[in-house]
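# Examining the three-dimensional arrangement
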Amino acid sequence: MQGLKYYNMKNIVLVIFFLLMFPILRADLISDKVYKKNTALDTSCYNQLHLKLRSLGFFKNNEFAGGYAKGYTLPGFWISPRLAYYPAKNVKLEAGAHLLAYWGTQLYPVGIYKNIPDWNTNKHSTAFHALPYFRVHWAALPNFDVVVGDIYGGANHNLSEPLYYPEMNLTADPEAGAQLLFRSSVFEGDLWINWESFIFNGSPYQEMFTVGLSSKFNLLKSDSNFELSIPIQWLAHHRGGEIDSLEGSTVTTSMNFAGGIRFAYRPNSSVVKRLQFETLGLFFCKDGEKMYARDIKKGWAVYPSLSMDIWDLQARVSYWKCDNFISLMGSPFYNSVTYNGDVLNGSQNISASLQYCKEINKCVALGADVSLYYTLFTTGTNRKGESIDNPAATSYTFGVYVRVNPDFLLYSFNKNKKKD
């Protein structure tokens, strides 16, 4: 009992330490200024042909401790050169390529790239991990857009970190499928399908796709100093297909749901730009065969966070607690399952982060961040059904990022039109 009391007191001291270290600490500064793509169509580009170069250089180091994940380093860049033509004021066509390279290697596994490529294969490409790029963007109504092809994915979905790991903006393939975007003063919505794996007859793997909804109901006007909103987020990942060569029933659908409340205050100050509190309740459920972890069918989690923006800095502190929760695409620390398949009897962590981001101009932005995760002690079972202890541990990450997005006008067809 004395040891248990000491352990609980130690956790309380650590919590107080984090809260004092970052007094009002939501980490989306780099997502907003470095990762996100502009979804607005420029009507002045009508009947013009542009060359767009979207690129991101990065160096990110993950020093992970405990059983949640293995550490690794990501040094490299991706570049997406493409031609863009505007056949109408509300339509944009884009075609090009997406190229990903890591420093120090010339071989890239052929497969789906998410965090680190999770398909084992004997097939490799050289020089780059390369994919074709194509998008049709139609602004059907003033507040409603339709996108087909390579959609506005990643950070543009505005998903919370337990649902989407920000690091995937560096490593994941561009999302491709279809997307509906709606925005108004009361409601903002993003509904999409990302088709990850297409199969032919007799393919040795499954058809896979993800459907998502990210939305926000604004209870106060956006031009107010105060923001009160209700975020609702949902992800569903499906594995199936009737024409693969796999034996037995392998169809599985897993879902994540997050909903809560967000309060933000923007003071009339040149120093403190934003204060925000958000709390989310999250749920996991699964239907079908075993996937991710033995027999987990449903689970829950809570995730409150506090943040503050000062000049070009942003800081946050958050707390996580879950039971039988499996994140489909989130950070490994927001999970009841470790990288080697151990199932934990709930998991808890306290995290703190600090970000810096500077927009040099419209085309160039620099970012840097450091994050600290303190995972609390918990027990669980391994793949053999044996009891295990997952000790308390402190992990940290740091990274630097450079976004360069030049846009060149190649030709304007308007100058060839005869004047009336």
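A brief structural summary.

Another point: the pairing of strand E6 (residues 129–141). As a general feature of sheets, a regular strand has side chains that alternate between the two faces. Of the strand pairs in this sheet, strand E3 (residues 91–102) and E6 are connected by ten bridges, and their pairing is antiparallel. Each bridged residue has a counterpart across the sheet, and for Gly-96 the counterpart in E6 is Tyr-133. Pairing of E6 with strand E7 (residues 144–150), which is carried by five bridges, proceeds in the antiparallel orientation. Bridge pairing links Trp-138 to Val-146 in E7.

Mapped onto the elements, Glu-359 comes out in strand E17 (residues 347–359). Owing to a relative accessible area of 42%, Glu-359 belongs among the partly exposed residues under this scheme.

Right, let's get into the pattern of salt bridges. Here the structure, examined in full by the defined rule, presents 16 salt bridges. With a closest N to O distance of 3.0 Å, Lys-60 and Glu-167 form a salt bridge. Highlighted residues: Lys-60 in strand E1 (residues 48–63) and Glu-167 in the loop between E7 and helix H3 (168–171), separated in sequence by 107 residues. The same class applies to Lys-60 and to Glu-167, which are both buried. Linking Lys-358 and Asp-312 is a salt bridge whose minimum nitrogen-to-oxygen distance equals 3.7 Å. Taken together, the positions of Lys-358 in strand E17 and Asp-312 in the loop between strand E14 (298–310) and strand E15 (313–323) put the pair 46 residues apart, joining distant regions of the chain. Residue Lys-358 is classed as partly exposed on the basis of its relative accessible area, which comes to 34%. Look at the salt bridges and you will find they share partners, linking Glu-188, Lys-216, Glu-227, Arg-266 and Arg-274 into a network.

Alignment of E1 against strand E22 (residues 407–412), held across five bridges, turns out to be antiparallel. Counted as the bridge partner of His-50 is Leu-409 from E22. As judged from the 14 bridges shared by E1 and strand E2 (residues 72–88), these two strands associate in the antiparallel manner. Bridged to Arg-54 within E2 is Ser-80. Note: E1 against strand E21 (residues 393–404), nine bridges, orientation antiparallel. Residue pairing across strands places Asn-62 opposite Thr-397, the latter belonging to E21.

Moving on, we get to the sheet that holds strand E19 (residues 378–381). Two modes of strand pairing occur in sheets, parallel and antiparallel, and in both the strands are linked by backbone hydrogen bonds. Spatially, three strands are ordered E16-E19-E20 in an open sheet, and the strand pairing comes out antiparallel. Across the chains shown, the open sheet's two edge strands, defined by having one partner strand only, are strand E16 (343–344) and strand E20 (387–390). In terms of strand pairing, E16 meets E19 through two bridges, oriented antiparallel. Note that in E19 the partner of Leu-344 across the bridge is Gly-380.

Let us look at a nonpolar patch on the surface. On the surface, a cluster of nonpolar side chains totalling about 640 Å² of accessible area is made up of Phe-59, Leu-313, Leu-354, Tyr-356, Val-370, Tyr-396, Phe-398 and Val-400. Only E17 and E21 provide two or more residues apiece to the nonpolar patch. At three residues, E21 tops the list of elements feeding residues into the nonpolar patch. Following the sequence through the fold, Leu-313 ends up in strand E15. Exposure remark for Leu-313: the relative accessible area of 34% places this residue in the partly exposed category.

The next subject is unusual backbone geometry. Located in the positive-phi region is Asn-47, a residue other than glycine, with phi close to 65°. Within the secondary structure, Asn-47 sits in the loop between helix H2 (29–35) and E1. Using a relative accessible area of 8% as the deciding quantity, one classes Asn-47 as buried.

The rules behind these values
Residues numbered from 1 in each chain as written. Predicted model: local features only at pLDDT ≥ 70, side-chain atom pairs only at ≥ 80, totals over all residues. Heavy atoms only, no water. Pairing = 2+ DSSP bridges. Helix = DSSP H or I, 4+ residues; strand = E, 2+ residues; numbered from the N terminus. Buried < 20%, exposed > 50% of the residue type's maximum accessible area, 1.4 Å probe, protein only. Salt bridge = Lys/Arg side-chain N within 4 Å of Asp/Glu carboxyl O. Patch = residues over 30% accessible without salt bridge, like charges linked within 9 Å, V, L, I, M, F, W, Y side chains within 5 Å. Areas by Shrake-Rupley, 256 points an atom, 1.4 Å probe, with all protein chains shown as cover.

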